Amino acid sequence: MITIFIGYLALTMGLGIWQAFKTKSQSDFILGGSKLPGWMLALSERATGESAWLILGFTGFIYANGLSGIWTGVGCLLGISTAWIFLAAKFRSEAAKYNAMTMPEYFSSKFPKKANTIRVLSTTIIVFFFIFYVGAQFAGAGKTIFETFGLDPFWGQLIAAAVILTYATFGGFISVVAVDTFQSILMITTLVITPIIMLSIMLSEPVNIAAALAKAGPKFGSFTGGLGGFAAGLLIFNNLAWFFGYLGGQPQLNARFMGMKDKRNVKIGRNIAVIWTILAYTGVVLIGLLALVLFGPNAVSDPEMILPYTLTRLFPWWLAAILLAGAVAAMISTAQSMLLVAASSISQDVYKGIIKKGKAKDRTLLNISRVSTLIIGITALGLALTTSDLIYTIVSYAWAGIGCSFAPSILLSFCWKRYNSSGIITALLTGLITTIIWIITGLDKVITARAITFISAMILSIIVTLLTNKEEPANI
């Protein structure tokens, strides 16, 4: 089994390094020179969007909560579909119009009056939350490698970080998309084959799924977790709230939209991405529920390890190793893309946009991007080695902090001609502060920060824009 896994890692690193030789400029490093086909960018976006939180975190969430966890999947599916159908083409056209390679650069180019403030604030939010997000991916990789091979999570995380940092540092966007494409195919294979095999096992030994869920506990067979009235509505709303973060608020996903060559490639990418998502989320929900039926609610001490447990119990060792590589693939894909976005914000928005005021040499920018990638990656690894928080929890917080800070600004900048710099700054600050307060005070346990952050940032951003509209003509 370990031979197959080592082969997978070697293949991944080899593919990334091979593609790295195509990276010649800062534009190549950040967006691949906008030369990559739509189908590759779609598969890359899906691999990037669905990280350890989907493969381990959401699978474990379904296993631990039963049918009520499905609402999270519904919220994510609606958000992803909305982003591809209504926002992807707009991202591509706006990026081309303002010659922007990052979200902070787009905001500062479109609303130049407070450009430097927007650049610094945007970059701070991206780097701060992405360190936690990348750390969650490293932690997930360590847990999976430990569960599968018995290797200490410390070494598992070091291995994952070494693979990612090697080719992401040198190849940037081109390497990341190439590896993502391969990993996206591996991930969807895991999420389609696994539930099919589990269903075939259940059919060979007739099992009443409803009865099995009821036996596991009263909450597992209920779409509201056994709750009623207002509490049931709040549970559904909190889980559906993942939707808000997809509305243009994820820089690592938006980079794929911005890198599209033309409208035709956007349509191709949209179709592939939506179909991939439907298959993936259906697979994850089935795996979590069927694991409850086949193994009961106490098969593993850590619910996020139910997928590795299932694969090693049901499949031959060689097939389990290949499918488990799909789980690690999800973590690697997301981590590498986030490292790239964070590093690009430092080089493109802070160094070029503020320090050098647009006059930086391309080779210097490329080197800064590479060094920043390495430093952020090492910092995230340090976090992963010292935290014990669940993957689902960490990603949930980061999702609120990033997605629901940027999403209101993106939507308003696309759709409202009166929008201005003050509105953007308000949305970003509100999103950052609200997320932190909500988590520190524990209010997130009552109503999720993913919803409160988005709603607060949207409302305050609109109010401030209306009050300061005469200060700056919008859409400059």
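None of these values were measured; they are calculated from a predicted model. (Residues numbered from 1 in each chain as written. Predicted model: local features only at pLDDT ≥ 70, side-chain atom pairs only at ≥ 80, totals over all residues. Heavy atoms only, no water.)

Details of the overall build of the protein
Under the convention used in this document: To qualify as a helix, a DSSP run of H or I must reach at least 4 residues; to qualify as a strand, a run of E must reach at least 2; elements of each kind are numbered from the N terminus. Only C-alpha atoms enter the radius of gyration; for comparison, a globular chain is expected to reach 2.2 Å times N to the power 0.38, where N is the number of residues. It only takes one pair of heavy atoms within 4.5 Å for two residues to be counted as in contact. The protein chains shown are the only cover counted for residues, whose accessible areas, like all others here, come from Shrake-Rupley with a 1.4 Å probe. His is not counted, nor are the chain ends, whereas Lys and Arg count as positive and Asp and Glu as negative. Note on charges: their place is set at NZ of Lys, CZ of Arg, CG of Asp or CD of Glu.
Along its length, the protein carries 19 helices and zero strands. Radius of gyration (C-alpha) of the protein: 22 Å, near the 23 Å computed for a compact globule of 476 residues. The C-alpha extent of the protein, read off along each of the three principal axes, is 70 × 55 × 45 Å. In the protein, the proportion of contacts linking residues at least 24 apart, taken out of those at least 6 apart, comes to 85%. For the protein, the accessible surface area stands at approximately 17600 Å², while carbon and sulfur atoms represent 70% of it. Side chains of the protein carry 33 positive and 18 negative charges; the gap between the two charge centres is 10 Å.

Thoughts on a nonpolar patch on the surface
Inclusion rule: Here the term patch refers to residues with relative accessible area over 30% and no salt bridge, with like charges joined within 9 Å and nonpolar side chains (Val, Leu, Ile, Met, Phe, Trp, Tyr) within 5 Å. Should a side-chain nitrogen of Lys or Arg be within 4 Å of a carboxyl oxygen of Asp or Glu, the pair is scored as a salt bridge.
Side chains of Phe237, Ile455, Ile459, Leu460, Ile463 and Leu467 sit close together on the surface and give an oily, nonpolar patch of about 540 Å² of accessible area. Sorting elements by how many residues they give to the nonpolar patch places helix α19 (residues 449-468) first, with five residues. Within the secondary structure, Leu460 is located in helix α19.

Observations regarding the confidence of the model for the protein
Heads up, the condition is: Values of pLDDT, which run from 0 to 100, indicate the predictor's confidence residue by residue.
Per-residue pLDDT for the protein has a mean of 85; in total, 94% of the residues score no lower than 70. Between the elements of the protein, mean pLDDT differs from a low of 77, seen in helix α1 (residues 2-20), to a high of 94, seen in helix α13 (residues 263-295).

Observations concerning the packing of aromatic side chains
What counts, and what does not: Put simply, two rings from Phe, Tyr or Trp (the six-membered ring, in Trp's case) pair if the centres are within 6.5 Å, and we call them stacked under 30 degrees between planes, edge-to-face over 60, tilted for the rest. Under the scheme applied here, a residue whose accessible area is under 20% of the maximum for its type counts as buried, over 50% as exposed, and between as partly exposed, the area being computed with a 1.4 Å probe on protein chains only. Counting as a charge over the ring demands two things of the Lys NZ or Arg CZ atom: a distance within 6 Å of the ring centre and an angle within 35 degrees of the ring normal.
Evaluated as defined, the whole model comprises 17 aromatic pairs. For the ring pair Tyr106 and Phe414, a centre distance of 6.1 Å and an interplane angle of 65° mean the geometry is edge-to-face. Of this pair, Tyr106 sits in helix α6 (residues 103-110) while Phe414 sits in helix α17 (residues 391-415); the two residues are 308 residues apart in sequence, bridging distant segments of the chain. Tyr106 sits in the buried class, given a relative accessible area of 4%. Note on Phe128 and Phe129: the rings are 4.9 Å apart at their centroids and 80° apart in plane angle, and the pair reads as edge-to-face. Each member of the aromatic cluster is reached from another via a ring pair, and the members are Trp84, Phe91, Tyr98, Tyr106, Phe107, Phe257, Phe406 and Phe414. Over the ring of Trp18 we find Lys22, and its NZ or CZ is 5.5 Å from the ring centre.

Section: the nonpolar core
Test applied: The criterion is simple. A nonpolar core is a set of buried Ala, Val, Leu, Ile, Met, Phe, Trp, Tyr and Cys residues joined through side-chain atoms within 4.5 Å.
Judged by nonpolar contacts, the single largest core of 132 residues is most densely connected at Trp53, Phe58, Trp84, Phe138, Tyr281, Phe406 and Phe454. Counting residues per element, this core draws most heavily on α13, which supplies 14 residues. With ten residues, the next largest nonpolar core counts Phe5, Tyr167, Val179 and Ala325 among its residues.

Quick look at the packing of helix α9 (residues 209-216) against α13
The description of two helices packed together rests on the angle between their axes and the distance between the axes. The condition is simple: Interaxial angle, 0 to 180 degrees, is taken between N-to-C directions of lines fitted to C-alpha atoms, where a helix line uses only the stretch in contact. Angular relationships are summarised with four words: roughly parallel below 35 degrees, roughly antiparallel beyond 145, roughly perpendicular across 65 to 115, and oblique for the angles in between. In this count, Pro and Cys sit with the nonpolar residues alongside Ala, Val, Leu, Ile, Met, Phe, Trp and Tyr, while Asp, Glu, Lys and Arg are called charged and the others, Gly among them, polar.
For the pair α9 and α13, the least separation of the axes is 9 Å and the interaxial angle reads 75°. One finds that α9 runs roughly perpendicular with respect to α13. Residues Ile209, Ala212, Leu213 and Ala216 of α9 form the contact with α13, whose own contacting residues are Leu289, Leu290, Leu292 and Val293. Residues belonging to the contact of α9 with α13 are distributed by class as follows: eight nonpolar, no polar and no charged.

A closer look at the packing of helix α3 (residues 38-49) against helix α12 (residues 251-258)
In contact at an axis separation of 9 Å, α3 and α12 are set at 175° when each is read in the N-to-C sense. On the basis of the axis angle, α3 is roughly antiparallel to α12. Here Leu41, Ser44, Glu45, Arg46, Thr48 and Gly49 of α3 lie close against α12, whose contacting residues are Gln252, Leu253, Arg256 and Phe257.

Points about the environment of Leu227
By the element assignment, Leu227 lies in the loop between α9 and α10 (229-240). With 207 residues separating them in the primary sequence, Leu227 and Ala20 have C-alpha atoms 52 Å apart. Leu227 has contacts with Ala232 and Leu235, leaving out every residue within four places of it along the chain.

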